[in-house]
Amino acid sequence: RAGGVGSTWEEKGEGGERQSEPLSNTTEPTWNMAFIYSIPDGYDVDTWEIELRIMDSDTYTLSTDDQIGCVTISIETLLAHQNQPYDYTLNGPTNGSTNNPLNGGGGG
């Protein structure tokens, strides 16, 4: 989801939510995907951020998907690394870090 710097997940709203296809059988996933977000008129890139939540996929159980971790990245940072591979630290769902880098790039 994308929204103003410092806004909560809920404040960012579902309208800006994008979802990738699940990656199977890997403990080191790398997403090669692009999503397009539009920054509303009147906002600058330094006032906008994107929040990524990484979930597991519970296909064959009745349980819901669990959050593995999350990362919040400013649009300025994405633009600084545009079209370059870049690792972002994935934080745990509650406290601390999972020590799994999120391989990202600002290319889209």
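Residues numbered from 1 in each chain as written. Predicted model: local features only at pLDDT ≥ 70, side-chain atom pairs only at ≥ 80, totals over all residues. Heavy atoms only, no water.

*Asks:* I'd like a description of the overall build of the chain, backed by residues and values.
*Replies:* A tally of regular secondary structure across the chain gives two helices and five strands. Each helix and strand of the chain, ordered N terminal to C terminal, gives the series β-α-β-β-α-β-β. Taking as baseline every contact in the chain between residues at least 6 positions apart, the subset at least 24 positions apart corresponds to 38%. Here the chain has roughly 7600 Å² of accessible surface; of this, 47% comes from carbon and sulfur atoms. (Helix = DSSP H or I, 4+ residues; strand = E, 2+ residues; numbered from the N terminus. Contact = heavy atoms within 4.5 Å. Areas by Shrake-Rupley, 256 points an atom, 1.4 Å probe, with all protein chains shown as cover.)

*Asks:* Give me the pairing of strand β2 (residues 48–55): which residues, what numbers.
*Replies:* In this structure, strand β1 (residues 2–4) lies alongside β2, joined through three bridges in antiparallel fashion. Across the sheet, the residue bridging to Gly3 is Glu49, located in β2. (Pairing = 2+ DSSP bridges.)

*Asks:* Help me get a handle on unusual backbone geometry, residues and values and all.
*Replies:* Of note, Asn83 is a non-glycine position whose phi angle comes to about 60 degrees, a positive value. Following the sequence through the fold, Asn83 ends up in the loop between α2 (75–80) and β4 (85–91).

*Asks:* I'd like a description of the nonpolar core, backed by residues and values.
*Replies:* Membership of the largest hydrophobic core is limited to eight residues, which are Ala2, Trp48, Ile50, Val71, Ile73, Ile75, Leu78 and Tyr88. Where this core is concerned, the elements lending two or more residues are β2, β3 (67–74) and α2. (Core = buried A, V, L, I, M, F, W, Y, C linked by side-chain atoms within 4.5 Å. Buried < 20%, exposed > 50% of the residue type's maximum accessible area, 1.4 Å probe, protein only.)

*Asks:* Would you mind going over the pattern of salt bridges in detail, with residue names and values included?
*Replies:* Applying the stated criterion across every chain yields a total of three salt bridges. Here Glu49 makes a salt bridge to Lys12, at a shortest N to O gap of 3.0 Å. With Glu49 in strand β2 and Lys12 in helix α1 (residues 9–12), this residue pair connects regions lying 37 residues apart in the sequence. Assigned by exposure class, Glu49 and Lys12 land together as buried. Counted as one network, the salt bridges with shared partners bring together Lys12, Glu49, Glu51 and Arg53. (Salt bridge = Lys/Arg side-chain N within 4 Å of Asp/Glu carboxyl O.)

*Asks:* Tell me about the environment of Pro22, and name the residues and values.
*Replies:* Its place among the elements puts Pro22 in the loop between α1 and β2. Accessibility expressed as a relative area gives 53% for Pro22, which makes it exposed.

*Asks:* Residues and numbers for the confidence of the model for the chain, please.
*Replies:* Model confidence for the chain is summarised by a mean pLDDT of 74, while 81% of its residues fall at 70 or above. In the model, residues 95–108 has pLDDT below 50 throughout and makes 40 contacts with residues more than four positions away in sequence or in other chains. (pLDDT = per-residue confidence, 0-100.)

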